[in-house]
Amino acid sequence: MERVDVAIVGGGPAGTSAAEQAAAHGAETVLFEQGVPREDREELGPDSTDAAGMLDYWIDIMDFDYREIPDEVIHRELEATEFIGPSSSVELTTTGIDSSYPNFGYTFHRARMDDWLHERAADAGADLRVGTGVSDLETDLRASSPKGPTHTLTLSNGEQLEAQYVVLADGPQRRITLEALDQFTPPGRSSSDYLSPPEANHIAYQEYREFPPELFEEFEDRLKFWWGHMPGETAYPWIFPNDGTVARVGLTMPIGMTLEDVDNPGSYKLLRPEDEQLPSGSEYIRRLLELEYGDEYDVEEDIPIVEDRGKSKGTETYPISSTRPIDSPVGANIAVAGGAMGTTSAFHEGGYHVAVRSGKIAGRLAGTDSLENYNDVWKRAIGDEILRNVAFADIVADYEPDDWDWAFGVVNDMQGDSGDNVLISNKYTAGLDATKILAKYKKRKFTYRDGGYVQIAEDEYHY
Ligand SMILES: Cc1cc2nc3c(=O)[nH]c(=O)nc-3n(C[C@H](O)[C@H](O)[C@H](O)COP(=O)(O)OP(=O)(O)OC[C@H]3O[C@@H](n4cnc5c(N)ncnc54)[C@H](O)[C@@H]3O)c2cc1C
């Protein structure tokens, strides 16, 4: 059987970053990516979930010098983000966090960025096998290796391979991660109870649309999010500007939610009295575009779908699992990184940056025989970001349309007070409502302090 030092499952941002670091530190490294076709990539590649916004300080979290990132990766420089509530809105022009990048952020060509990370890993000497999936992983805790447990991976071509260390970076579906973790979870508990509970499963749907130039100008330097327009936790549509006058219009919504679950359907602008069930993703998008631009434009004619993009005829559908992260069973020589580990934010679905960084750390530690430090090191590197995201997600979990209007009103008042349009701040003191929001945020952060946000802690694994 073939034997390697480090095997990586999944070739998205987490997996390729892990491969680059493991190989760069001298480990014999192999990465398996099952390979997914896309309209805008000639060969099979990772499952590039092509909605890509990057905020200024996220580049520092990735631990890249922004000047390294190739120009063709960047679509648009961003100056702001706009949150639109049912009858209010708020514009934020700075994230409020120190960063080396000079602008608010950028939108990027996700497949190109993924391909760049792939190239870096190949250049570092990793063996990247795109088109070969991993179908099973078994850990031998009593292996005779002086470095402890080893793993046997069964591949989609039927072959097997043995690895000393494994980095699991198989994204939100976690086909291999869940089985691998369940080798070590206590009897009667399954990792899927934490990582894939029904209430945290979301679907993301998006379309590429060509906008009339005068309309595109309205958002060419900003991301727009509509909060409180559709029911469900972490359910909101958005527009991200791409190249030319093409924008991605998308949304996330919970899987399995029904109209009967909605307390006050009449309060949501994207629901209609005649609805017998919740609209599909494409119907929500059509309603959003009608609501925003339908008075002046014929949506289907003037803002058409661009069919040669994305995964399938200008549209893409993805699973997203929005949960809190888990510690890895490092005692079994396994690190879980990126979306598989639960780093994608349940508040705004951003996760590229934390996937890259957790992958880099996992790869470096696996490549230097020090994987036992993984849970401590990732918390030091991305713990603040995770803490912000889980705290925000908790606060807005049961917001209804009126709550969004109230919150945006408060933020606008606060900005009036400080003249400082910041996305994230804990400096606000103006007014009772502002104090209320800040107190809630601080309380959530306190509850989750010292890594308390992890859903399975390292000492809960049984070896
Ligand atoms: C619609 C949408 C919008 C988003 N918007 C943003 C955004 O604007 N900004 C941002 O920062 N983040 C965004 N995210 C989140 C971001 O895409 C994820 O956080 C990130 O992709 C996680 O990276 P990953 O490498 O962990 O997983 P993934 O990117 O999911 O990669 C996992 C890879 O593993 C492969 N794989 C799975 N199983 C196997 C197997 N058994 N064998 C071999 N290969 C396997 C898959 O094919 C895939 O390529 C968005 C996500 C979605 C769905």
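Residues numbered from 1 in each chain as written. Predicted model: local features only at pLDDT ≥ 70, side-chain atom pairs only at ≥ 80, totals over all residues. Heavy atoms only, no water.

(A) Expanded view of the side chain of E385. One can find E385 in helix α10 (residues 374-396). Residue classification places E385 among the buried positions, given a relative accessible area of 1%. One polar contact links E385 to R388, side chain to side chain, over a distance of 3.0 Å. Dropping the residues within four chain positions of it, E385 is found in contact with Y57, W58, I61, H353 and V354. (Helix = DSSP H or I, 4+ residues; strand = E, 2+ residues; numbered from the N terminus. Buried < 20%, exposed > 50% of the residue type's maximum accessible area, 1.4 Å probe, protein only. Polar contact = N/O pair within 3.5 Å; in protein donor to acceptor, adjacent residues only side chain to side chain. Contact = heavy atoms within 4.5 Å.)

(B) Geometry of the packing of helix α1 (residues 13-24) against helix α9 (residues 352-367). Close contact between α1 and α9 brings their axes to 7 Å; oriented N to C, the two are set at 30 degrees. Here α1 lies roughly parallel to α9, going by the angle between them. Remark: the crossing between α1 and α9 carries right-handed chirality. Counting all contacts with α1, which are made through P13, A14, S17, A18, Q21 and A22, the residues of α9 involved are Y352, A355, V356, G359, K360, G363, R364 and G367. For the contact of α1 with α9, a count of residues per class yields 7 nonpolar, 5 polar and 2 charged. (Axes fitted to C-alpha atoms, helices over the stretch in contact; angles between N-to-C directions. Parallel < 35°, antiparallel > 145°, perpendicular 65-115°, else oblique. Left-handed = near helix turned anticlockwise from the far one by under 90°. Nonpolar A, V, L, I, M, F, W, Y, C, P; charged D, E, K, R; others polar.)

(C) The domain arrangement of the chain, seen in detail. Domains assigned within the chain are domain 1 (2-52 + 109-196 + 323-390), domain 2 (201-319) and domain 3 (396-447). Tallying the contact residues gives 7 residues for domain 2 and 5 residues for domain 3. Area buried by domain 2 at its contact with domain 3 is led by W227, G228 and E233, which between them contribute 63% of it. Of the residues contributing to the side of domain 2 that touches domain 3, the split by class is 2 nonpolar, 3 polar and 2 charged. (Domains from an automatic or database assignment. Buried area = accessible area lost by both parts, 1.4 Å probe.)

(D) Looking closely at the sheet that holds strand β15 (residues 222-226). Read from one edge of the open sheet, 7 strands run β8-β7-β15-β16-β17-β14-β18, paired in mixed fashion. The sheet terminates laterally at β8 (89-92) and β18 (315-321), the two strands that pair on one side only. Across the sheet, the axes of successive neighbouring strands diverge by a mean angle of 20 degrees, strand direction being ignored. With 5 bridges joining them, strand β7 (residues 80-84) and β15 adopt parallel strand pairing. From the neighbouring strand, I84 faces β15, where its bridge partner is W226. Lying on the sheet, helix α7 (residues 281-293) is in contact with β14 (201-210), β15, β16 (236-241) and β17 (246-254); it crosses β17 at an angle near 125 degrees. (Pairing = 2+ DSSP bridges.)

(E) The site of the ligand, seen in detail. In the vicinity of the ligand, 38 residues are found, and the nearest of them are E33, D47, T49, G53 and G339. Within the backbone of G339, a nitrogen or oxygen atom sits 2.7 Å from an oxygen atom of the ligand. In the complex, 94% of the free accessible area of the ligand, which totals 1,000 Å², lies under the protein chains. Looking at which domains feed residues into the shell around the ligand, each of domain 1 (2-52 + 109-196 + 323-390) and domain 2 (201-319) gives three or more. (Near = heavy atom within 4 Å. Areas by Shrake-Rupley, 256 points an atom, 1.4 Å probe, with all protein chains shown as cover.)

(F) Layout of the sheet that holds strand β9 (residues 105-108). Taken in spatial order, the 3 strands line up as β5-β9-β6 in an open sheet, and their pairing is antiparallel. Every other strand in the sheet has two partners, leaving β5 (53-55) and β6 (74-78) as the edge strands with one partner each. Each strand axis lies, on average, 25 degrees off the axis of its neighbour in the sheet, ignoring direction. In this structure, β5 lies alongside β9, joined through 3 bridges in antiparallel fashion. In the strand pairing of β9, M54 is matched with Y106.

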